[in-house]
Amino acid sequence: MTSFARRLALAATGALLAGMAQAADTIKVGVLHSLSGTMAISETTLKDTVLMLVDEQNKKGGVLGKPLEAVVVDPASNWPLFAEKARELLSKEQVDVVFGCWTSVSRKSVLPVFEELNGLLFYPVQYEGEESSKNVFYTGAAPNQQAIPAVDYFMNELGIERWVLAGTDYVYPRTTNKILEAYLKSKGVKDEDIMINYTPFGHSDWQSIVAEIKQFGAAGKKTGVVSTINGDANVPFYKELAAQGIKAEDIPVVAFSVGEEELSGLDAGPLVGHLAAWNYFMSVDTPQNAQFIEQWHSFIGDSKRVTNDPMEAHVIGFNMWVKAVEKAGTTDVDAVADAMIGIEVPNMTGGMAKMLPNHHLTKPVLIGEIQADGQFETVWETDDLVPGDAWSDYLPGSKDIEADWVSLKCGNYNTITKKCSGQNYE
């Protein structure tokens with residue numbers, strides 16, 4: 001080898017080593033959201049939210065003196081692919097934390113991977129409960145922070161007596177509706193006054209189903225729809241409601257998966273008066289929210305882009321993770337998970353979100369009415385923050401289960417048998 005070739009080889013080796021050293025000096029943040037497929041309508045914005053948070057944190061000097069590096073993958077609304085991409089992030093990319101998933105079926109898909117490889121997932125979307133993993137922090141709403149209060153509002157404020165539980169056919173709607181059916185029956189609602197319907201992801205032909213809802217509501221009792229329909233199927237669903245003349249004053253709909261982002265693709269005029277239950281709305285008038293919206297518009301370069309509840313959940317989760325890493329002095333998953341408990345950060349509604357021992361948050365609950373401009377007007381909210389409950393009080397197999405990763409060190413401790421029947425700290 002000539003001296004010139006040797007110098008080239010040494011230079012290349014030096015550059016490689018420098019690159020490796022530089023890579024080791026970054027803290028990797030995994031982003032696991034669908035950028036294509038039926039859930040892209042909801043999840044692409046969450047990817048952008050994490051990129052914004054990483055960018056803002058790097059402007060503050062990063063974490064532990066190291067810059068953050070976002071690693072983005074596209075699981076493409078394909079549930080098995082979520083698991084493959086999670087493994088790629090944890091094993092190949094060796095990320096320190098992951099922010100991701102929307103549907104519960106995607107979270108269920110990745111859960112074994114995170115538990116096997118001891119990864120850390122922040123999950124930002126309302127879900128059905130019935131779960132608490134030491135590797136997951138649930139920053140979206142549990143059923144007692146969204147579904148149950150929404151049904152109470154329908155029953156107590158609107159006088160609803162007949163109930164349509166309409167959902168996409170997967171674990172979140174089915175489990176949530178199982179909880180709601182049990183809750184409604186505990187309130188004296190009869191079987192004949194509950195109609196349950198499921199449709200596949202991306203369902204587009206709603207004519208016959210909406211006609212059935214209309215007929216169900218013609219029995220002389222005030223009827224309401226509780227919607228757990230997810231993704232882009234919401235667009236033709238609401239269009240068909242309008243086409244068949246179903247107005248909010250006739251048969252109101254309260255949705256758990258329709259926010260500002262989904263409404264931005266619709267003509268909201270015919271939907272005015274229908275409702276959604278969330279823990280945040282873009283229309284919330286607080287200094288924290290005004291700053292958040294301004295930050296979002298500046299980052300995304302579009303003053304018309306909306307904000308929504310799962311975005312706020314990512315902001316809360318990310319800020320908690322940063323505080324936990326700084327508290328622990330390391331990105332080690334077990335140390336960070338321990339440090340997370342009890343951490344408080346501001347939410348956008350003017351209160352403080354606190355991480356509980358069951359890996360769920362304290363949250364306000366808001367009911368919002370759709371306005372013609374695609375925003376929500378808050379028509380009801382809880383007086384206080386509601387602690388997230390991992391296990392439902394209304395399901396026989398769940399009401400005796402407790403999640404506590406501090407004193408019990410278990411996510412599913414049976415208070416009757418005094419045993420932890422699943423994953424726990426060894």
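Residues numbered from 1 in each chain as written. Predicted model: local features only at pLDDT ≥ 70, side-chain atom pairs only at ≥ 80, totals over all residues. Heavy atoms only, no water.

**As for helix α12 (residues 333–340)**
- Burial in α12 covers these residues: Val 333, Val 336, Ala 337, Ala 339 and Met 340. For α12, the buried positions fall inside an angular range of 165° around the axis, keeping them on one side.
- Where α12 is buried, its residues contact β4 (121–123), β5 (136–138) and α11 (309–328).
- Its side-chain oxygen placed 3.3 Å from the backbone nitrogen of Asp 334, Asp 332 serves as the N-cap of α12. (Buried < 20%, exposed > 50% of the residue type's maximum accessible area, 1.4 Å probe, protein only. Helix = DSSP H or I, 4+ residues; strand = E, 2+ residues; numbered from the N terminus. Arc of directions from axis to C-beta. Contact = heavy atoms within 4.5 Å. Polar contact = N/O pair within 3.5 Å; in protein donor to acceptor, adjacent residues only side chain to side chain.)

**Focus on the environment of Tyr 394**
- With respect to the secondary-structure elements, Tyr 394 resides in the loop between β16 (386–387) and β17 (401–404).
- Residue Tyr 394 is classed as partly exposed on the basis of its relative accessible area of 34%.
- With residues near it in sequence (within four places) discarded, Tyr 394 still touches Ile 148, Ile 179, Ala 182 and Tyr 183.

**Section: the sheet that holds β17**
- Strand order in the open sheet formed by three strands is β17-β18-β19, with antiparallel pairing between adjacent strands. Edge strands, defined here as strands with exactly one partner in the open sheet, are β17 and β19 (419–420).
- One ladder, built from two bridges, connects strand β18 (residues 410–414) with β19; its direction is antiparallel. Within the sheet, the bridge partner assigned to Asn 414 lies in β19 and is Lys 419. (Pairing = 2+ DSSP bridges.)

**Examining the state of the cysteines**
- Counted under the stated rule, the structure contains one disulfide.
- What pairs with Cys 410 in a disulfide is Cys 420, and their sulfur atoms sit 2.1 Å apart. In this structure, the disulfide formed by Cys 410 and Cys 420 twists by about 90° around the S-S bond and is classed as right-handed. Taken together, the residues span a long stretch of sequence, with Cys 410 in strand β18 and Cys 420 in strand β19 at a distance of 10 residues.
- Among the residues examined, Cys 420 registers a relative accessible area of 26% and is labelled partly exposed. (Disulfide = S-S within 2.5 Å.)

**What to know about the sheet that holds strand β8 (residues 223–228)**
- Spatially, the seven strands line up as an open sheet ordered β7-β6-β8-β9-β10-β14-β15, and their pairing is mixed. Each end of this open sheet is capped by a strand with a single partner; those strands are β7 (194–199) and β15 (376–381). Ignoring which end each strand starts from, the neighbouring axes of this sheet average 25° apart.
- By the bridge criterion, six bridges tie strand β6 (residues 162–168) to β7 in an arrangement that is parallel. Considered in β7, the bridge of Ala 166 is made with Asn 197.
- Running at roughly 180° to β7, helix α6 (residues 171–186) makes contact with β6, β7 and β8 of the sheet. (Axes fitted to C-alpha atoms, helices over the stretch in contact; angles between N-to-C directions.)

**Concerning the confidence of the model for the chain**
- Confidence in the prediction of the chain, expressed as mean pLDDT, is 92, and 93% of residues score 70 or more.
- Counted against residues more than four places away or in other chains, residues 3–23, with its pLDDT under 50, gives one contact. (pLDDT = per-residue confidence, 0-100.)

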